[in-house]
Amino acid sequence: MAKKTRIQRVTGMHDVLPDDQKYFERVCSIAKSLVEFYGFSKIDTPILEEAELYSKGTGSNTDIVQKQMYTLKTKGGDVLALRPEFTPGIARAFLDHGMYTWPQPVKLYSSGPLFRYESPQAGRYRQFNQFNLEIIGDSSAVLDAQLIQIFYNILSELKLKNLIVEINSIGDHQCRPYYKKLLTNYFRSRAASLCADCRRRVRENPLRVLDCKEEKCQRIVSQAPQTIDHLCDECHTHFKSVLEFLDEIEVPYRLNPHLVRGLDYYTKTVFEIFCEDNQKKEGEEFQPKIALAAGGRYDGLLKLLGGEGAGAVGGAIGVERIISLMKSQEVKWQENPNPQVFIAQLGNLAKRKGLRLMEEFRRAKILVAESFGKDSLKVQFKMADKLGAGYTLLLGQKEVLEGTVIIRDMKSGKQDTVKLNKVMEEVKKRLKK
Ligand code: HAM
């Protein structure tokens, strides 16, 4: 007989079990309340978009578009893609809904799943979540600094330690072509020592070599010409202002002259936020760094997608990476408050009364827990103890017949019997003390 095979979950995709849900909720609720303070509004865009949005927006030469996009053809012949990132979808929505006429800049946040066909490894999944911010309609340097500050504040508020922002400027259409020429010449003369992907990147976009995670390429990159030495006056002034603003607001940063990012739309400022705990220690094997959050300015994207030009800056937090750091740094926080009351029961009649009692407590906004599926009182008391309930209400067969209930104070162990129709009043009185 053929052996039954169980269907497995798809490689690189994860179930988020109840124990992990609290981390997701924590990250999103801290981020949400902070960004709403800074004037951001929520936007949801579809998970499926025209694949062309990303080849135009993210860039046809990027790894995301060339290797990592989940594309599909619909029955009607449209070529769609599961979103690998938020930014092009939000820029499309900005144009679709005429957000140029809204008060500028438009500040938008989004959260949800993204899909990239990556090689699964620690911190790199094929389905992952981001908390993403975009500020569209303003070119001021102060916004670059403020956006970085917001990401830094979210991570700090989540009690993550040893954070550092790495920052660079990659120039714009005026200064980047010359810098690219310089880089091409530098890498061409060292092509034999680069990985196969980078030999292609030198032809297509030499900036991308700076971003390669291969150790042998990084060695060559460390001696390469730096963008910062070749910025035009406008980009130079912009970058200087961003750094001055960051100094003012005391966000710790480090210049990384080789930071370029793997997406094509960036202009001027680019940044990534890391935890120093994850950095390579002396004598350790080479390990690519894992960014917790990343982003930058993208003043050319709206025009590229057919709109008018508009300054824009944005970034995103990788939610799974934050959660894994929260766990490794053993971050603790006050979770849901303990139930005030636990209902323990014995027998079917008691379960019926218990169900009714539970609804009365819910309506009275008293936090109540139960374990109606369990029959052993010992197990139920253990659970009440574990949940930290203040009082346990015990409904045994005798109590149900007599129309009473036993209230047990879980701290002192003292028990009293009260009438069932007076129990709510009694519990309220005791909770007030
Ligand atoms: P990104 O650098 O591709 O930028 O992703 C931002 C963050 O998402 C990364 O720093 C990382 O924390 C997380 N991330 C990326 N890929 C994965 C993965 N495969 N598994 C787990 N986490 C991952 C963007 O997506 C830009 N759209 C950010 C942006 C917004 N720039 C301007 N506006």
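Our subject is the structure that appears above.
Bear in mind the structure is a predicted one, so any value in this text is a computation, not a measurement. (Residues numbered from 1 in each chain as written. Predicted model: local features only at pLDDT ≥ 70, side-chain atom pairs only at ≥ 80, totals over all residues. Heavy atoms only, no water.)

J.: I'd like a rundown of the overall build of the protein chain, residues and numbers included.
T.: Helix and strand counts for the protein chain come out as 15 helices and 16 strands. Its C-alpha atoms give the protein chain a radius of gyration of 28 Å, more than 25% over the compact-globule value 22 Å for 433 residues. Summarising its shape, the C-alpha atoms of the protein chain cover approximately 90 × 65 × 55 Å along the three principal directions. A burial count over the protein chain gives 49% of its 433 residues as buried. For the protein chain, the computed accessible surface area is about 23,000 Å², with 50% contributed by carbon and sulfur atoms. Mean positive and mean negative side-chain charge positions of the protein chain (67 and 55 charges, respectively) differ by 7 Å. (Helix = DSSP H or I, 4+ residues; strand = E, 2+ residues; numbered from the N terminus. Rg over C-alpha atoms; globule rule 2.2 N^0.38 Å. Buried < 20%, exposed > 50% of the residue type's maximum accessible area, 1.4 Å probe, protein only. Areas by Shrake-Rupley, 256 points an atom, 1.4 Å probe, with all protein chains shown as cover. Lys, Arg positive; Asp, Glu negative; His and termini not counted. Charge placed at Lys NZ, Arg CZ, Asp CG, Glu CD.)

J.: For the nonpolar core, give the residues involved together with the corresponding values.
T.: Counting 48 residues, the largest nonpolar core has Phe 187, Leu 194 and Leu 210 as the members making the most contacts within it. Ignoring anything within four residues of it in the chain, the contact list for Leu 194 reads Phe 187, Arg 199, Val 202, Val 209, Lys 216, Cys 217 and Ile 220. Formed by 47 residues, the second largest nonpolar core is a distinct cluster that contains Ile 30, Leu 155, Leu 163 and Cys 275. (Core = buried A, V, L, I, M, F, W, Y, C linked by side-chain atoms within 4.5 Å. Contact = heavy atoms within 4.5 Å.)

J.: Can you break down the pairing of strand β5 (residues 106-115) residue by residue, with the values?
T.: Within β5, eight of the 10 residues are buried, leaving the element largely enclosed by the surrounding structure. The pairing of strand β1 (residues 41-42) with β5 spans two bridges and is classified as parallel. By the bridge assignment, Lys 42 is partnered in β5 with Tyr 109. For β5 and strand β6 (residues 127-136), the ladder comprises 10 bridges, and the chain directions are antiparallel. Its bridge partner being in β6, Leu 114 is matched across the sheet by Phe 128. (Pairing = 2+ DSSP bridges.)

J.: Describe in detail the side chain of Arg 124, supporting the description with residues and values.
T.: Relative to the elements of secondary structure, Arg 124 occurs in the loop between β5 and β6. Under the relative-accessibility criterion, Arg 124 is labelled buried at 17%. Only 3.3 Å separates the side chain of Arg 124 from the side chain of Glu 118, close enough to count as a polar contact. Excluding residues that lie within four positions of it along the chain, Arg 124 makes contacts with Glu 118, Ser 119 and Arg 321. (Polar contact = N/O pair within 3.5 Å; in protein donor to acceptor, adjacent residues only side chain to side chain.)

J.: Talk me through the sheet that holds β1; I want residue IDs and the actual numbers.
T.: Taken together, eight strands build an open sheet; the order of strands is β1-β5-β6-β11-β10-β9-β7-β8 and the sheet is mixed. The two strands at the open ends of the sheet, each matched to only one other strand, are β1 and β8 (253-255). Relative to strand β11 (residues 312-318), β6 is paired through seven bridges, and the arrangement is antiparallel. Looking at the pairing, Phe 131 lines up with Ile 317 of β11. Seen against the sheet, helix α4 (residues 87-96) touches β5 and β6 and runs at an angle of roughly 40 degrees to β6. Sheet contacts for helix α9 (residues 233-248): β7 (163-169), β8, β9 (269-275) and β10 (293-297); angle to β7, the most-contacted strand, approximately 165 degrees. (Axes fitted to C-alpha atoms, helices over the stretch in contact; angles between N-to-C directions.)

That's the geometry; what it means functionally is another story.
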